[in-house]
Structures are given as C-alpha cells and as structure tokens.
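# A look at the structure
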Amino acid sequence: MKELLRITALIGMAAILAFTACAAPTTRTEEDVAKPGIVANPMNKGEDETDKDADNIPAFMHFGGTIVEIHPFADDQYYVLVAGDADADGYTPQVNFLVDANTVLLLNGEPEAGMAVIGFYDSSLPAPMIYPPQYTAVALVDGDVNGVTIDRFDEQFLSGDGSLLLHVSEETEIVFQDGTAFTGEPSELAGRALVVLYDIVTKSMPGQTTPVKIVVLYERAIPPIHYLTEEELAMLDLTITQVIVDGIAVDMPAPFIHEETGFVMVPVANIAEALGFAVYGEGEELMIGHGTTFTIGVDNYFYNRMASVQLGAAPELHDGVIFVPLSFFGDVFPAETYMEGGILFINSLQISDMED
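In this text the structure is predicted, and so the values were computed from the model without any measurement.

## A word on the overall build of the protein
Regarding its fold elements, the protein presents five helices and 27 strands. Buried positions account for 44% of the 356 residues belonging to the protein. Taking all contacts inside the protein whose residues are at least 6 apart in sequence as the whole, residues at least 24 apart take part in 61%. Per element, the accessible surface of the protein, about 18,700 Å² overall, is 51% carbon and sulfur.

Right, here's the structure in full:
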C-alpha cells in the first residue's frame, strides 16, 4: 500500500578504512585519543542540515539542545520541544520530538524542562512540513554523555558513515532497547541499527573505540508489497489512533480497510474540509473546491478537468459518510500522506509540488 509510507533511500558516506585501522596504536595515551565531543558523527549540535548533499546524509541524524517544554499528545506519547544554541543573529533553532513507546530513553531521570538532551531520528522517514520540524525520536540521550552515535555497522564494525570503528569486548554491555540482554554473537549485530555509547575514541580516521554499551534497536516492519488475502484481512488490526491534517488533530470517522484491495479508506469530506476546501454534492456526485469531482461507486476521479484517474477502489458510502482510498490525497487531490506510529498525517500541497 504505497500511500501508507514514502521511503526515501539515503546512502552513507564512503568509508576510509585500511590505512588508518592499521595505524591505530595499541597503547592509548592522551596524545593518541580524543574526547568525541557529543557524537561521533561529524555534525555539530543543532546544525542546520538543509544545505547538505542528500547523498551524504547519515541514516540517523540528531539535534541537541535544552528541553523547553513537554506536552502530551496521545496515549503513551508526548512531545519534547528542544531548543539549540542561538546563532550570531539571535536565531534559536528548535525541534519537536515525538516520544513514544519505541523511543530509547538514555537519560538521568525523566525528561523535564531545562534538561540537556540529544534527540536522534531516522532520516529516511518523511516529516510534516511544519515549523518547528517534527520528528519521531528513535532515541533521547543525556546531553552530557561523552560519546554516542546511532548507525548500522558492517561485519568489521565500521559505521555506515565510515567515521567510527568499534572494538566490541567482553566488557561491552549489549542489550535490546527494552533492556533485555543480547545473548547472540557480536557478529550477529552486523547491519543492525545500534545505539553506541563510549568514552574515548582515537584521532585516526576512522576513529576507533571500545563501546561501553550497545543498545540494539528493534526494526520497523516493512509495508506489504502485495494485496492482502482474505485470511490476512481477517487478522489485520488497523489502528489509526489519530489523524493530523496540516499539523492539526482532526476528529473524524475511523478509516477502514477495503476488503477486496487492502487499501486504507478515509472520510473524504472531513479531510477536504480540514484542508480548507468546501465539499459540494448532488446525488452521488461530489465536488471538492472547484475542480475535483468523483461519483460514489465509480472508480473514476477527476482533478481540474484533467483525464480521469483510477485508484483501484471506488468511493463508498458507509453510515452516511463517503470514504475514498487514501491514495486519493496525492494521486488525485494535491496532498501528501504517510503513517507514523499509528498516526495518519495528511499535508496540503500546491500543484507545483505535485509536478515536482
């Protein structure tokens, strides 16, 4: 169901391995090692990433600063607003992190205003087009930690961005993100997303360190690439806890799964009105704004008098509410949609944005 999630593949920086790995000294002195600052990743806390080449963006990015406020969002979910350091012009960057049951918390106590933290997020996931930027936190870490990074490591324990080489020892604590001890072989960590905590790292390139602790992250489920069978549909539990339209939570009839196609069906009028468009109807024909039309029971959708679009499922009437496939918002009507942690996000787009 392509409309549920858009995934942009991001490739790590090229690794520089052979020469520097051999050059690392066996006895470490103050001249041989350096405190890593805040993270091994060569990015400054709170740095604006908008001008970076997309090919060089790490799999997991971070933003560090001080917690400004915390406010609840949904069951077992809350937002943590983090402010970075002000620049020379007095501008203070901010990021709103959504913390849920899957967020790894490596803090000295519960999050609270005034606490220094570093928030990590998956750079491959889409984010709402709002300010301050909003990301689901993969991990929230104490801002005073000596060294921390999140990345995927190869069989030699070289990070995906090529900046850090791990020497996993018997003293390294390895646990899953729920605290359960990892009992497998260290080689089984290759390719897994890991939170790595360490104290010192060599000045070589790549830097080398013996981790103090490794937290093995649980992997996200991969969206299905086929139509669901009747047995799978019967077992499916669609849990959309909230719908966010242009950054605002909207109450509306619950989306459901189309029995034949497996598509997510959403209440079209509620969403269109939340996007700022009036909905007109006469009989089974409906119009949104002044250019989008469709007919209940007919898999033909029209936008601005262009050629019709077939989405694979026709509009359906349920208890007086008209539902359309979620792909209607994007493939027909100018909008973008994705799901994150049981939350459905729908953001308005201009026609030019769709053409890009």
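## Examining the pairing of strand S3 (residues 77–83)
Judged by how many residues are buried, S3 sits mostly within the fold: six of seven residues are covered. Relative to S3, strand S2 (residues 60–74) is paired through seven bridges, and the arrangement is antiparallel. When the bridges of S3 are listed, His 71 appears paired with Tyr 79. Remark: two residues form the turn of the hairpin made by S2 and S3, two consecutive strands paired antiparallel; Asp 76 in that turn has positive phi of roughly 60°.

## What about the environment of Ala 335?
Mapped onto the fold, Ala 335 is located in strand S26 (residues 335–340). Of the residues examined, Ala 335 reaches a relative accessible area of 1% and is grouped as buried. As a C-alpha pair, Ala 335 and Asp 246 span 89 residues in sequence and 9.7 Å in three-dimensional space.

## Overview of the nonpolar core
Among the nonpolar cores identified, the biggest contains 28 residues, and Val 266, Val 268, Phe 294, Val 324, Phe 328, Phe 329 and Ile 346 are the most heavily contacted of them. With three residues, helix H3 (residues 268–274) is the largest single contributor of residues to this core. Those residues in contact with Val 324, other than ones at most four positions away along the chain, are Val 264, Met 265, Val 266, Val 268, Phe 294, Tyr 301, Pro 315 and Phe 329. Counting 16 residues, the second largest nonpolar core, distinct from the first, contains Val 141, Val 148, Val 175 and Leu 197.

## What to know about the sheet that holds strand S24 (residues 316–318)
Where strands meet in a sheet, backbone hydrogen bonds hold them as pairs that are either parallel or antiparallel. In space, the four strands of this open sheet follow the order S18-S19-S25-S24, with antiparallel pairing throughout. Looking at the sheet topology across the chains shown, the edges are occupied by strand S18 (256–257) and S24. Pairing between S18 and strand S19 (residues 264–267): two bridges, direction antiparallel. Counterpart to Phe 256 in the pairing with S19 is Met 265.

## Structural notes on the packing of aromatic side chains
In the structure shown here, the tally under the stated rule is 13 aromatic pairs. Measuring from ring centre to ring centre gives 5.6 Å for Phe 176 and Phe 182, while their planes differ by 65°; the resulting arrangement is edge-to-face. Taking the centre distance of 5.0 Å and the plane angle of 70° together, the rings of Phe 256 and Phe 323 count as edge-to-face. Of this pair, Phe 256 sits in strand S18 while Phe 323 sits in strand S25 (residues 321–325), and the two are 67 residues apart along the sequence.

## Quick word on the pairing of S2
Strand residues, when the strand is regular, have side chains that alternate between the two faces of the sheet. Across seven bridges, S2 lies against strand S6 (residues 116–122) in antiparallel orientation. Each bridged residue has a counterpart across the sheet, and for Gly 64 the counterpart in S6 is Ile 118.

## Side note on the confidence of the model for the protein
Here the protein shows a mean pLDDT of 75. Residues at 70 or above account for 75%. The low-confidence segment residues 222–228, where pLDDT is below 50, has ten contacts with residues more than four positions distant or belonging to other chains. A low-confidence stretch, residues 232–236 stays under pLDDT 50, and its non-local contacts, those more than four residues away or across chains, total nine contacts.

## Concerning the environment of Val 215
Its location among the elements puts Val 215 in strand S15 (residues 213–216). Residues Val 215 and Gly 179, 36 residues apart in the sequence, show an inter-C-alpha distance of 8.2 Å. Apart from residues no more than four positions distant in its own chain, Val 215 is found in contact with Val 104, Leu 106, Val 175, Phe 176, Gln 177, Ala 193, Leu 194 and Val 195.

## With respect to the sheet that holds S3
Taking strand neighbours across the sheet as the criterion, the seven strands line up as S5-S8-S6-S2-S3-S4-S7 in an open arrangement whose pairing is mixed. Bordering the open sheet on either side are strand S5 (104–106) and strand S7 (134–136), each of which pairs with just one other strand. Pairs of neighbouring strands in the sheet enclose a mean axial angle of 35°, with direction left out of account.

## Some words on unusual backbone geometry
The bulk of non-glycine residues show a negative phi, and the bulk of peptide bonds are trans. Here Met 205 and Pro 206 are connected by a cis peptide whose omega angle stands at 5°. As for its position among the elements, Pro 206 is in the loop between strand S13 (201–202) and strand S14 (207–209). Within the chain, Phe 157 stands out as a residue other than glycine whose phi angle is a positive 65°. With a phi angle near 50°, Asp 319 is a residue other than glycine that sits in the positive phi range.

## Let's talk about the environment of Val 298
Tracing the backbone shows Val 298 in the loop between strand S22 (292–295) and strand S23 (301–303). Separated by 18 residues in the primary sequence, Val 298 and Glu 316 have C-alpha atoms spaced 8.9 Å apart. Setting aside residues no more than four positions away along its own chain, Val 298 makes contact with Ala 314 and Pro 315.

The rules we used
- Residues numbered from 1 in each chain as written.
- Predicted model: local features only at pLDDT ≥ 70, side-chain atom pairs only at ≥ 80, totals over all residues.
- Heavy atoms only, no water.
- Helix = DSSP H or I, 4+ residues; strand = E, 2+ residues; numbered from the N terminus.
- Buried < 20%, exposed > 50% of the residue type's maximum accessible area, 1.4 Å probe, protein only.
- Contact = heavy atoms within 4.5 Å.
- Areas by Shrake-Rupley, 256 points an atom, 1.4 Å probe, with all protein chains shown as cover.
- Pairing = 2+ DSSP bridges.
- Core = buried A, V, L, I, M, F, W, Y, C linked by side-chain atoms within 4.5 Å.
- Phe/Tyr/Trp six-rings, centres within 6.5 Å; stacked < 30°, edge-to-face > 60°.
- pLDDT = per-residue confidence, 0-100.
- Axes fitted to C-alpha atoms, helices over the stretch in contact; angles between N-to-C directions.

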